[in-house]
Structures are given as C-alpha cells and as structure tokens.
Protein chains: 2
Amino acid sequence: MVVGGLAGTEADRVFHALADATRRDILTKVIRSGKSVSELAQHYPMSFAAVQKHVAVLERAALISKVRRGREQIVHGEVTALRRVALLLDAYEEIWRHRADRIADILDQE
Amino acid sequence: MVVGGLAGTEADRVFHALADATRRDILTKVIRSGKSVSELAQHYPMSFAAVQKHVAVLERAALISKVRRGREQIVHGEVTALRRVALLLDAYEEIWRHRADRIADILDQE
DNA sequence: TCCACCTACAACCATGTGGTTGTACGTTAG
DNA sequence: CTAACGTACAACCACATGGTTGTAGGTGGA
C-alpha cells in the first residue's frame, strides 16, 4: 500500500537518506548554497570517500544533484523531493485526522 | 546542527523507522485503528517475530505505543512524533525558501 | 486444571551499511 | 609539461539490520 504519491522504493531511499545526522547536515549546507564535495568533506571528522558516499546516498534519493564546475562537483539541494516527503507525511496526518474526527463525532453523540 | 525541535538521535530513529515499507504499512494500519501484534503479523509474508521486531523499531521511534488488553498487546499509532517529523521537514523547506528570497545575500555571504 | 494463544526474547545467519585506505583519472595552476 | 587538486571507485573491515527458529512465560477459555 502506497499512501502518498511517493513510490515504495523511493520513500525507502528518501527516508533512509534522512536517517543519518551527517546526511541531514549536508542537506542543510547545500540547500543554503551549493558546495563542492571536498568543501563539504572539510566539515566532518571522516574521510573524503565517506562524505562522498553520503552525497551518493542523498543523490540516489534525489535530495541533491551535482553539477560540474571545472574540476569540482558542486552539490545542490533538491527541494522537490523534500516537498514530496512532506506531502507523504501530510497524508499520514490526514489519515489520522479522519480517525480523530470520527472519534469526535462518536463522543458528541453520547 | 539540529534544524528542528527533533534531537539528532530521535530524528535518526524516526526516519530510520519510516525507511521500510513494512513499517510504514504497519503505521497506516495502526493509525486507523489499534491492532494486536499477531493481528498485524497475519498481513505480512514473514514470521511473527519479524513483525514484532518492526513494531519494536516503530516503538523506539515513538511512532506507536502498545497497550495490554488481556493477553494481547494492542498497537496504537502516535501522531505526535509524526507531526514533529513534518515540522522538521517544514524547517528544511523554510531554509530553502529563505535562500530563494535572498539569493544575492547568500552569494555575498560565502 | 489444562491447553491453546499471544507475546517476548535469545541465538543465529546473510546481507547491507558506514567507515577505512589505495589507486586511477580528468582538470587546473604554475 | 608537470604537479597538485578534486573526484570516482574498488577492496576491505566492523558492525547493524532484517530475517529465521526455538524456547519460555503470562493470560483466557473450556
């Protein structure tokens, strides 16, 4: 069962990408302004390759995109996927609200 | 850096819990109405113990709660945590919108 | 009481994940 | 041209995850 417009595997990828503090932090950095991978790597206590992997996970989830600028690869935040996750969560809340409304109706009838 | 009101480890737990189709499906089922663990287990092509583990992951993320009813354990959906995730995502979108509104400033910034 | 049901949990296994180091390749600066 | 930089990727390791089966305990019904 798919609740929102997000396909199962896509939801998997997006939520998994967000389930790591480093990746969420990378996301906030590149959403503010594009940064190169090595520029990002400087901010974390891990190897360049590790940061590169985190960026790859975010890219697979379509949360970021990369654009070549000379010998650098500039990472940009993609807000569209983020918005789709927000809509998915809204769908869950919608389901809950309906249930809550029904409960309220039942309570009113008493 | 913590963007929203969700602590780092809590965000980890919540997003990780949501990064699995079975768990998201369990969530939709119990958000509509409370169900026992074995009742849930009947709907999935895996062992009872596996479903029990998924429920445990959701419980650690505070997305569901369990209440004893006789010899059954009724699983209920907790909407509060869900709402907090939605707020966190709203915060990301807020950051992005800020960027869109003030692209010139940000270009000067870094 | 006794048995069946629901749950909890431990032990175990295969696979995935997050980290490392090393190597290779294209691009820019000097 | 050469050297340094930025990136990509493979190989490897430790550990977490998702699944299994088996065992044990508490509760309800007959």
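Everything in this summary refers to the structure shown in the same document. Note that this is a predicted model, so its numbers are computed, not measured.

To continue, consider the protein's contact with DNA strand C. Neighbouring DNA strand C are 21 residues, the closest being A:S47, A:K53, A:H54, B:S38 and B:Q73. Sugar plus phosphate, as a fraction of atoms of DNA strand C within 4 Å of the protein: 59%. A:R23 is positioned with one of its side-chain polar atoms (N or O) 3.1 Å from a phosphate oxygen of DNA strand C. In this structure, a phosphate oxygen belonging to DNA strand C sits 3.3 Å away from a side-chain N or O atom of B:K66. Looking at the surface near DNA strand C, its residues break down into 6 nonpolar, 8 polar and 7 charged.

Residue and element names in this part refer to chain A. Taken N-terminus to C-terminus, the directions of helix 2 (residues 21-32) and helix 4 (residues 48-60) make an angle of 75°; their axes are 10 Å apart at the nearest point. Overall, the two elements helix 2 and helix 4 adopt an arrangement that is roughly perpendicular. Here helix 2 contributes T22, R23, I26 and L27 to the contact with helix 4, which in turn contributes V51, H54, V55, V57 and L58. Taken together, the residues that form the contact of helix 2 with helix 4 break down as 6 nonpolar, 2 polar and 1 charged.

Right, let's get into the sheet that holds strand 3 (residues 72-77) of chain A. Residue and element names in this part refer to chain A. The strand order across the open sheet formed by 3 strands is 1-3-2, and the pairing between neighbours is antiparallel. Two strands close off the open sheet at either side, each with one partner strand: strand 1 (35-36) and strand 2 (64-69). Pairing geometry for strand 1 and strand 3, over 2 bridges, is antiparallel. Residue S36 lies in a different strand from strand 3, and its bridge partner there is I74. Set on the sheet, helix 4 makes contact with strand 2 and strand 3; between it and strand 2 the angle comes to about 115°.

Bringing the pattern of salt bridges into the picture now. The tally for this structure, following the rule as stated, stands at 8 salt bridges over all chains. Across the pair A:K29 and A:D25 runs a salt bridge whose closest N-O atoms are separated by 2.8 Å. Of the two residues, A:K29 and A:D25 are both situated in helix 2; the distance of 4 residues between them amounts to about one turn of the helix. We note a salt bridge from B:E59 to B:K66, for which the minimum N-O separation is 3.5 Å. Taking the relative accessible area as the measure of exposure, B:E59 reaches 33% and is therefore partly exposed.

Residues and elements named next belong to chain A. Compared with the 16 Å implied by 1.5 Å per residue over 12 residues, the 17 Å span of helix 2 between its first and last C-alpha is a close match. Where burial is concerned, most of helix 2 is hidden: 10 out of the 12 residues are buried. Within the span of helix 2, buried status applies to T22, R23, R24, D25, I26, L27, T28, K29, V30 and I31. The backbone nitrogen of T22 has a side-chain oxygen 2.8 Å away, supplied by the residue at the start of helix 2, namely D20.

Let's shift gears to the pairing of strand 2 of chain A. All names here are of chain A. Bridging between strand 2 and strand 3 involves 6 bridges; their strand directions are antiparallel. Each bridged residue has a counterpart across the sheet, and for S65 the counterpart in strand 3 is H76. Where strand 2 folds back onto strand 3 in an antiparallel hairpin, the turn is made up of 2 residues, including G70, whose phi is positive at roughly 65°.

All names here are of chain B. The strand order 1-3-2 describes an open sheet built from 3 strands, whose pairing is antiparallel. Either end of the sheet is taken by a strand with one partner, and the two such strands are strand 1 (35-36) and strand 2 (64-69). Running at roughly 95° to strand 3 (residues 72-77), helix 2 (residues 21-32) makes contact with strand 1, strand 2 and strand 3 of the sheet. Contacts from helix 4 (residues 48-60) reach strand 2 and strand 3 within the one sheet, and its direction differs from that of strand 2 by about 115°.

Analysis parameters
Residues numbered from 1 in each chain as written. Chains lettered and ligands numbered in written order. Predicted model: local features only at pLDDT ≥ 70, side-chain atom pairs only at ≥ 80, totals over all residues. Heavy atoms only, no water. Near = heavy atom within 4 Å. Polar contact = N/O pair within 3.5 Å; in protein donor to acceptor, adjacent residues only side chain to side chain. Nonpolar A, V, L, I, M, F, W, Y, C, P; charged D, E, K, R; others polar. Axes fitted to C-alpha atoms, helices over the stretch in contact; angles between N-to-C directions. Helix = DSSP H or I, 4+ residues; strand = E, 2+ residues; numbered from the N terminus. Parallel < 35°, antiparallel > 145°, perpendicular 65-115°, else oblique. Contact = heavy atoms within 4.5 Å. Pairing = 2+ DSSP bridges. Salt bridge = Lys/Arg side-chain N within 4 Å of Asp/Glu carboxyl O. Buried < 20%, exposed > 50% of the residue type's maximum accessible area, 1.4 Å probe, protein only. Expected span 1.5 Å × (residues − 1).

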